[in-house]
Amino acid sequence: MKALKTNVTIQNVWEARKRIRSLISKTPVVESFILSEKMGRPVYLKLETVHDTGAFKVRGAANKILSLSEEERKRGVATYSTGNHGMAVAYVAKKLGIKATVCISNRVPKAKVDSLKRLGAFIEFCGESQDEAGERCVVLEEEHGLTVIEPFDDVEVIAGQGTIGLELLEDIPELKDVIVPLSGGGLLSGIGMALKTNDPSIGVTGVSMIESAVMYESLRAGRPIKMPEKDTLADSLLGGIGLDNQYTFNMVQKYMDRAVLIPEEEIAQSMAFMMGHHRMIMEGAAATGIAALLGHHVEDRDGPIAVIITGHNVDLSVVQRILNTYNPS
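Residues numbered from 1 in each chain as written. Predicted model: local features only at pLDDT ≥ 70, side-chain atom pairs only at ≥ 80, totals over all residues. Heavy atoms only, no water.

Asker: I would appreciate a short explanation of the pairing of strand E7 (residues 177-181) in the present structure.
Answerer: In regular strands, side chains alternate between the two faces of the sheet. Within E7, five of the five residues are buried, which leaves the element mostly enclosed by the surrounding structure. Burial along E7 is two-sided: Asp177, Ile179 and Pro181 facing one way and Val178 and Val180 facing the other are all buried. As paired elements, E7 and strand E8 (residues 203-209) share five bridges and run parallel to each other. Bridging from a neighbouring strand, valine 178 pairs with valine 204 of E8. Sheet topology note: the E7/strand E10 (residues 305-309) ladder contains three bridges and is parallel. Bridge pairing in E10 links valine 178 to alanine 306. (Buried < 20%, exposed > 50% of the residue type's maximum accessible area, 1.4 Å probe, protein only. Helix = DSSP H or I, 4+ residues; strand = E, 2+ residues; numbered from the N terminus. Pairing = 2+ DSSP bridges.)

Set out below in structure tokens:
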């Protein structure tokens, strides 16, 4: 059962920063000179790929698990995920000596399944969607007393992701825009709130793939909706937002200035572009932000723009296929 609803505040983000410091290091910001040249303004990449788990999700997972009581830790935790959040929960649980069960659908890529196994989590395969995996988590909570670590719609998880916003303000104090991959909305909610609390003029653009963009379609509908998952290079952005969404739907609505949907071909081309020019492997989800720049989907303004490079957990077979298909230059 979800906790009673409370507001997510900037104080929660500062508390998260202090709480996760023992497990999570600040990630680097680097300028992409070729993207800066193409855009006519400084473009910075926030490299969340350097975490041990290869993705930003470890921030929110660490903040949530570290906030649990000793009794809750003893009973263990469970989560549901398209891959990266599951790895984050498994990683933090292993560090703290907590038993973790990760429920995933049969659609989760092999690279992420293999990583989950290496981290020692107990894995349950549940249907063909994140929503089905989430339903199994509810059963585990009711029958075994496990604490469910929500992938995005949770105060501590959102606050943990919001620590990225604090780091951006430190490293790019003149920041004008940020591009954030958008799925369940935990990342955009946290970053958007952290940035706009300090400077409401900073533009926040959310980017998703065209296929199964649930948050985007929910915002259009004016309420959380459910959609079937479809194949996409941006598999990390799959999954529902929950028909009983408590936080992220409203927060994305409040803090996101505009949303952009990226076609599959542009995601693939952007992955190839980053491999060719930066020797950087990234997931399709992370490449949506690069695609927004290369496709000129972002408002033309002066001043620095940051792109959140959310993760690099992609099957090497996908990387090889993209390199064989697209010119990385």
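Asker: I'm lost on the nonpolar core in this one. Help?
Answerer: Generally speaking, a soluble globular protein has its nonpolar side chains buried in company with each other. Core analysis: the biggest nonpolar cluster contains 39 residues, and Leu45, Ile290, Leu293, Ile309 and Ile322 have the highest contact counts within it. Counting only elements with at least two residues in this core, the list comes to helix H2 (33-39), strand E2 (43-47), E8, strand E9 (258-262), helix H12 (264-278), helix H13 (284-294), E10 and helix H14 (316-325). Judged by nonpolar contacts, the second largest core, of 27 residues, contains Leu68, Ala90, Val113 and Ile149. (Core = buried A, V, L, I, M, F, W, Y, C linked by side-chain atoms within 4.5 Å.)

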